[in-house]
Amino acid sequence: MNFRKPKGTKDILPKEIYKWHFVEKTIREVTDLFNFSEIRTPTFEYTDLFKRGVGAETDIVGKEMYTFLDKNGDSLTLKPEGTAPVMRAFLESGIYGEQNLHKLYYLTGMFRYEKPQAGRYREHTQFGGEILGSNSIYTDVELILMAKEVYNRCGINNFKIKLNSIGKPEERRNYIKILKDYLRDHLNELSEESKKRYESNTLRVLDSKDSGDRQITDSAPKIIDHMGTESRQRFHDVVNELTRLGAECEIDFRIVRGLDYYTDTTFEFVSSDLGSQDALGGGGRYDGLIEQLGGKPCPGVGFGSGIERIIIVAEKNGFTFGEPGNPLVYFIALNEEARKVAFAAALSLRQNNISSETDLLGRSFKAQMRDANKMGVKYVYIIGEDEIKKGMGILKNMSDSSQIEVSFDKIRENIV
Ligand code: AMP
């Protein structure tokens with residue numbers, strides 16, 4: 001029987017894992033620089049958390065969740081997004097009350113039953129950040145700048161930051177009525193998907209990709225014109241500060257995000273290198289979410305970005321992700337006794353943080369040399385019958401083919 005990976009998943013093979021390591025290392029470096037702490041939550045949660053925290057009318061909850069009953073009959077869901085689980089852990093653990101401000105990040109697998117296509121998988125890995133406890137505009141600004149720094153360090157500079165505000169909940173509710181009034185006259189012209197969304201998640205009609213829908217919504221009333229002065233000022237302050245700090249952004253009324261919990265700022269990083277799934281990352285404020293999950297009111301802002309898409313865009317921009325790691329020394333052993341010496345010497349180098357390799361297939365000298373060349377090692381150390389007698393091996397520098405005799409216990413001192 002031939003097994004295949006499940007639809008919409010991928011294997012990350014050894015020949016490309018170094019790209020992942022680079023991006024993951026970059027994320028850890030940048031989150032350290034911005035003083036974010038990592039939080040890890042379970043792979044699955046009780047289904048109700050997402051229903052409550054994300055919203056039953058959203059695509060994620062309505063259509064895309066991997067939900068199952070466990071043997072106890074409890075309904076569990078593989079996490080489709082990061083914010084609700086982080087909020088749940090934040091409340092449940094009590095770290096909530098320990099200090100006023102929390103800066104958290106995660107790097108974890110996400111699961112969504114979506115139609116697979118380029119840049120869209122059923123399991124993807126997401127890096128996300130959350131700042132909790134303050135509604136200062138600088139929390140929005142800092143989060144966006146942190147994501148930007150990660151992208152820049154991965155060689156990605158040609159993305160757009162699209163910014164919008166969906167106001168306070170009451171402003172939003174009021175605006176949805178105005179939007180519905182406008183759309184009602186065009187209902188027959190809307191795509192099937194937008195007709196459904198008109199009732200269930202009206203704001204999302206604005207982010208439809210259908211060109212007919214877009215023509216209609218081009219002239220729709222804009223939320224920015226229906227917000228109070230405070231919300232409008234807040235939005236302008238965010239835009240101004242981002243611009244001042246080198247993160248040029250574009251105001252785009254279509255960035256409404258799909259999730260129920262957003263308030264005020266919403267944003268997306270968009271790259272034309274991604275095709276139709278053009279979002280590199282996105283997020284927004286969610287000042288009412290914690291309360292919705294049973295906590296005391298606590299403002300927050302968060303974002304998420306798929307690692308797969310970061311790698312796709314970085315590659316399209318010719319980024320090299322550093323070099324794949326090669327061993328420094330390859331031990332070539334010409335007989336059984338030499339193999340024992342080689343194995344011990346390699347272990348000693350490894351214990352001293354020098355990566356090394358031995359031949360585990362019992363191959364000929366030529367085959368071992370070929371193997372060493374293929375691995376791109378800097379040195380080979382050759383041990384044959386004569387060498388065993390002398391207690392000395394031949395250390396060959398592969399870059400200039402120079403070689404010297406070096407005793408078994410002095411290898412480390414002779415490599416640079
Ligand atoms: P969202 O919460 O849908 O805005 O997702 C946040 C980010 O995660 C997106 O901007 C993408 O970079 C990434 N992402 C979301 N869904 C997928 C998916 N199905 N496959 C790959 N990446 C995804």
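Residues numbered from 1 in each chain as written. Predicted model: local features only at pLDDT ≥ 70, side-chain atom pairs only at ≥ 80, totals over all residues. Heavy atoms only, no water.

### Some points on the side chain of S134
Turning to its location among the elements, S134 is positioned in the loop between β6 (123-132) and α5 (137-153). What makes S134 buried here is its relative accessible area of 19%. When near neighbours in sequence (up to four residues on either side) are disregarded, S134 contacts L101, T139, R285 and P299. (Helix = DSSP H or I, 4+ residues; strand = E, 2+ residues; numbered from the N terminus. Buried < 20%, exposed > 50% of the residue type's maximum accessible area, 1.4 Å probe, protein only. Contact = heavy atoms within 4.5 Å.)

### Concerning the sheet that holds strand β10 (residues 279-285)
Pairing is mixed in the open sheet, where eight strands are placed in the order β1-β5-β6-β11-β10-β9-β7-β8. Lying at the two open borders of the sheet, with one neighbouring strand each, are β1 (37-38) and β8 (249-251). Two elements, strand β7 (residues 160-165) and β8, share three bridges in a ladder whose sense is parallel. Counterpart to L163 in the pairing with β8 is I251. Each of β5 (102-111), β6, β7, β9 (263-270), β10 and β11 (300-306) is contacted by α5, which is oriented at about 15° to β11, the strand it contacts most. (Pairing = 2+ DSSP bridges. Axes fitted to C-alpha atoms, helices over the stretch in contact; angles between N-to-C directions.)

### With respect to the site of the ligand
Neighbouring residues of the ligand: 15 residues in total, closest R112, E114, Y121, R257 and G306. At a separation of 2.8 Å, a nitrogen atom of the ligand approaches a polar backbone atom of Y121. A distance of 3.3 Å separates an oxygen atom of the ligand from a polar backbone atom of G281. In isolation the ligand exposes 480 Å². Once the protein is present, 89% of that is buried. Of all the secondary structure elements, the ones that give two or more residues to the shell around the ligand are β6, β10 and β11. (Near = heavy atom within 4 Å. Polar contact = N/O pair within 3.5 Å; in protein donor to acceptor, adjacent residues only side chain to side chain. Areas by Shrake-Rupley, 256 points an atom, 1.4 Å probe, with all protein chains shown as cover.)

### Things to note about helix α7 (residues 192-200)
What α7 keeps buried is the set S194, R197 and Y198. Down the axis of α7, the buried side of the element spans an arc of 115°, and every buried residue falls inside it. Along α7, exposed side chains directed more than 90 degrees from the buried face belong to E192, K196 and E199. Among the structural elements, α3 (59-63), α6 (169-184) and α8 (211-218) are those in contact with the buried residues of α7. (Arc of directions from axis to C-beta.)

### Details of unusual backbone geometry
Generally, phi is negative for residues other than glycine and the peptide bonds are trans, each holding for most cases. Unusually for a residue other than glycine, N35 sits at a positive phi of about 60°. Mapping N35 onto the fold places it in the loop between α1 (17-33) and β1. We classify N35 as exposed; its relative accessible area is 57%. Although it is not a glycine, S401 sits at a positive phi angle of roughly 60°. Position of S401 among the secondary structure elements: in the loop between β15 (392-397) and β16 (403-407). For S401, a relative accessible area of 45% corresponds to the partly exposed category.

### Here we look at the packing of α1 against α5
Between α1 and α5, the least distance of the axes is 9 Å, while the angle of their chain directions is 140°. Judged by the twist between their axes, the crossing of α1 over α5 is right-handed. Packed against α1, whose contacting residues are F22, T26, I27, E29, V30, T31 and L33, the element α5 presents M146, E149, V150 and R153 at the interface. For the contact of α1 with α5, the per-class residue count stands at six nonpolar, two polar and three charged. (Left-handed = near helix turned anticlockwise from the far one by under 90°. Nonpolar A, V, L, I, M, F, W, Y, C, P; charged D, E, K, R; others polar.)

### Observations regarding the packing of aromatic side chains
The full count for this structure, using the stated rule, is 13 aromatic pairs. On the basis of an interplanar angle of 75° and a centroid distance of 5.8 Å, the ring pair of Y66 and Y113 is categorised as edge-to-face. Of this pair, Y66 sits in the loop between α3 and β3 (67-69) while Y113 sits in the loop between β5 and β6; the two residues are 47 residues apart in sequence, bridging distant segments of the chain. For Y113, a relative accessible area of 45% corresponds to the partly exposed category. Ring geometry for F267 against F269: centres 6.0 Å apart, planes inclined by 85°, an arrangement best described as edge-to-face. Of the two residues, F267 and F269, both sit in the buried class. (Phe/Tyr/Trp six-rings, centres within 6.5 Å; stacked < 30°, edge-to-face > 60°.)

### Side note on the domain arrangement of the chain
Where interface size is quoted, it is often the accessible area lost as the parts come together. You can read the domains of the chain as domain 1 (17-168 + 227-316) and domain 2 (329-415). Each of domain 1 and domain 2 has a C-alpha centre, and the two are 49 Å apart. (Domains from an automatic or database assignment.)

### A look at the sheet that holds strand β4 (residues 75-78)
Reading across the sheet, the three strands line up as β2-β4-β3 and stay open at both edges, with antiparallel pairing between neighbours. In this open sheet, the two strands that pair with only one neighbour each are β2 (44-46) and β3. Across this sheet, the average inter-strand angle for adjacent strands is 35°, counted without regard to direction.

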